[in-house]
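Below, each chain spelled out in residue letters.
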Amino acid sequence: MQQPLEPRVCSLLETVPVGVIATQRRDGRARQSTVYFVLDGDTVWISTEAARAKALDVGRTGWASLCVVGPTAPYASVTVEGGASVQATDVAPMTSRILARITGGEAPELTEGELAAAGRVLLRLNVEALTQLSDADELVEVAVKPNYRALGKRFGKQTQQVADAIRAAEVG
């Protein structure tokens, strides 16, 4: 059963074009690779070649997860996972959208024939579970303390004023 994604999660997935997909190898170990992706509703689409290990893993197990990390501090992150499948037909529209994210430009016009000849397929990840790590500032408390020995060497008689300014500074 697909879970509707919260607006904050959608915003991160729509803003960050790159993530790390995890699939399961035949021996049960995780396989990870960096991918470009597109979010369409509650479905994540990834373009790859049919012969790639990640496509073979998805075809065999029917499962994948994708971890995406925000580009700026405090580096919010989200991992979505669920049932996954390989789609070999009607791949041009979504592949075009993914290529536009890669290049940052207009979506190129692609044909099904060109993509089939290149062995391109789509991985479809239906979001069934979500792990959203809070922003780092919710997980970590950062405190600033003056190092009197280092300050004293550099600021001499003004050490206490500098130390007071450091303690008063806001972090983050």
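Anything mentioned here points back to the structure above.
Notes on the structure follow. If you're wondering where the values come from, they're calculated on a predicted model, not measured in any experiment.

## Thoughts on the overall build of the protein
When you go through the protein residue by residue, the secondary structure sums to seven helices and eight strands. The C-alpha radius of gyration of the protein comes to 23 Å, more than 25% above the 16 Å expected for a compact globule of 172 residues. The principal-axis extent of the C-alpha atoms belonging to the protein is close to 75 × 35 × 30 Å. At a minimum sequence separation of 6, the contacts of the protein that also span at least 24 residues come to 64%. Entry remark: accessible area of the protein is about 10,500 Å², with carbon and sulfur atoms responsible for 52%.

## Notes on the nonpolar core
L13, V44, L66, V68 and V80 are the most contacted members of the largest nonpolar core, which has 24 residues in total. Among the elements that line this core, the one with the most residues is helix α1 (residues 7–15), at four residues. Once residues lying within four places of it in the same chain are set aside, the contact partners of L66 are G19, V20, I21, V35, F37, V44, V78, T79, V80 and L125. Ranked by size, the runner-up nonpolar core spans eight residues in total, among them V91, A92, L115 and L122.

## Observations concerning the side chain of T48
Mapped onto the fold, T48 is located in strand β4 (residues 43–49). With near-sequence residues (within four places) excluded, T48 lies in contact with K54, A55, G119, R120, V121 and L123.

## Details of unusual backbone geometry
Notably, D90 is not glycine yet its phi reads approximately 55 degrees, a positive angle. Looking at where D90 falls in the secondary structure, it is placed in the loop between β6 (77–87) and α3 (92–103).

## Examining the pattern of salt bridges
This model, assessed by the stated rule, comprises six salt bridges. With its nearest N and O atoms 3.5 Å apart, the salt bridge here joins R97 to D40. In this pair, R97 sits in helix α3 while D40 sits in strand β3 (residues 38–40), placing the two residues 57 residues apart along the sequence. In this structure, R60 and D57 form a salt bridge, with 3.3 Å as the shortest nitrogen-oxygen distance. One end of the pair is R60 and the other is D57, both in helix α2 (residues 53–61) and three residues apart, which spans about a single turn. For D57, a relative accessible area of 3% translates into the label buried. Through salt bridges with shared partners, a single network forms among R31, D57 and R60.

## Some thoughts on a nonpolar patch on the surface
Together, Y36, L99 and I102 give the surface a local cluster of nonpolar side chains, amounting to about 230 Å² of exposed area. Counting through the fold element by element, L99 comes out in helix α3.

## A look at the packing of helix α6 (residues 148–155) against helix α7 (residues 159–168)
With their axes 9 Å apart at the nearest point, α6 and α7 run at an angle of 130 degrees to one another. Classified by the interaxial angle, the pair formed by α6 and α7 is oblique. The element α6 and its partner α7 pack so that their crossing is right-handed. Contact residues: α6 offers Y148, L151, G152 and F155, while α7 offers T159, Q160, V162, A163, I166 and R167. Among the residues forming the contact of α6 with α7, the class breakdown is six nonpolar, three polar and one charged.

## Side note on the packing of aromatic side chains
This structure, assessed with the given rule, holds zero aromatic pairs. Against the face of F37 rests R101, its NZ or CZ located 5.2 Å from the ring centre.

## With respect to the state of the cysteines
Applying the stated criterion across every chain, the model contains zero disulfides. With no disulfide of its own, C10 lies 16 Å from the sulfur of C67, the closest cysteine sulfur. For C10, a relative accessible area of 16% corresponds to the buried category.

Cut-offs applied
- Here, residues in each chain are numbered from 1, in the same order as that chain's written sequence.
- Selection of residues for local features in this predicted model requires a pLDDT of at least 70, selection of side-chain atom pairs for listing and counting requires 80 or more, and totals for whole chains, interfaces and linings are taken over all residues.
- As a convention, hydrogens and water are excluded, and side-chain values are obtained from all of the structure's heavy atoms.
- Helix numbers and strand numbers start at the N terminus; a helix is a DSSP run of H or I with at least 4 residues, a strand a run of E with at least 2.
- What the globule rule says is 2.2 Å times the number of residues to the power 0.38, and the radius of gyration is computed from C-alpha atoms.
- For this analysis, residues touch if any pair of their heavy atoms sits within 4.5 Å.
- Residue burial considers only the protein chains on display, and all accessible areas are found by Shrake-Rupley using a 1.4 Å probe.
- By nonpolar core we mean a set of buried residues, namely Ala, Val, Leu, Ile, Met, Phe, Trp, Tyr and Cys, connected to one another through side-chain atoms within 4.5 Å.
- Each residue gets one of three labels from its accessible area relative to the maximum for its type: buried under 20%, exposed over 50%, partly exposed in between, using a 1.4 Å probe on protein chains only.
- Salt bridges, as used here, are contacts in which a Lys or Arg side-chain nitrogen is within 4 Å of a carboxyl oxygen on Asp or Glu.
- Only residues whose relative accessible area exceeds 30% and that form no salt bridge are eligible for patches; like-charged ones are grouped when within 9 Å, while nonpolar side chains (Val, Leu, Ile, Met, Phe, Trp, Tyr) are grouped when within 5 Å.
- All axes are obtained by fitting lines to C-alpha atoms, using only the stretch in contact for helices, and the reported angles, taken between N-to-C directions, cover 0 to 180 degrees.
- Reported orientations rely on four angle classes, namely roughly parallel under 35 degrees, roughly antiparallel over 145, roughly perpendicular from 65 to 115, and oblique for the rest.
- The sense of a crossing depends on the near helix, which, turned anticlockwise from the far helix by less than a right angle, makes the crossing left-handed and, turned clockwise, makes it right-handed.
- When residue character is reported, Ala, Val, Leu, Ile, Met, Phe, Trp, Tyr, Cys and Pro are called nonpolar, Asp, Glu, Lys and Arg charged, and the others, Gly included, polar.
- For Phe, Tyr and Trp, rings pair up if their centres lie within 6.5 Å, where Trp contributes its six-membered ring, and each pair is then called stacked (planes under 30 degrees apart), edge-to-face (over 60) or tilted (otherwise).
- A positively charged side chain is recorded as over a ring if its NZ (Lys) or CZ (Arg) lies within 6 Å of the ring centre. The angle to the ring normal must also be within 35 degrees.
- For the purposes of this analysis, a disulfide is any pair of cysteine sulfur atoms at a distance within 2.5 Å.

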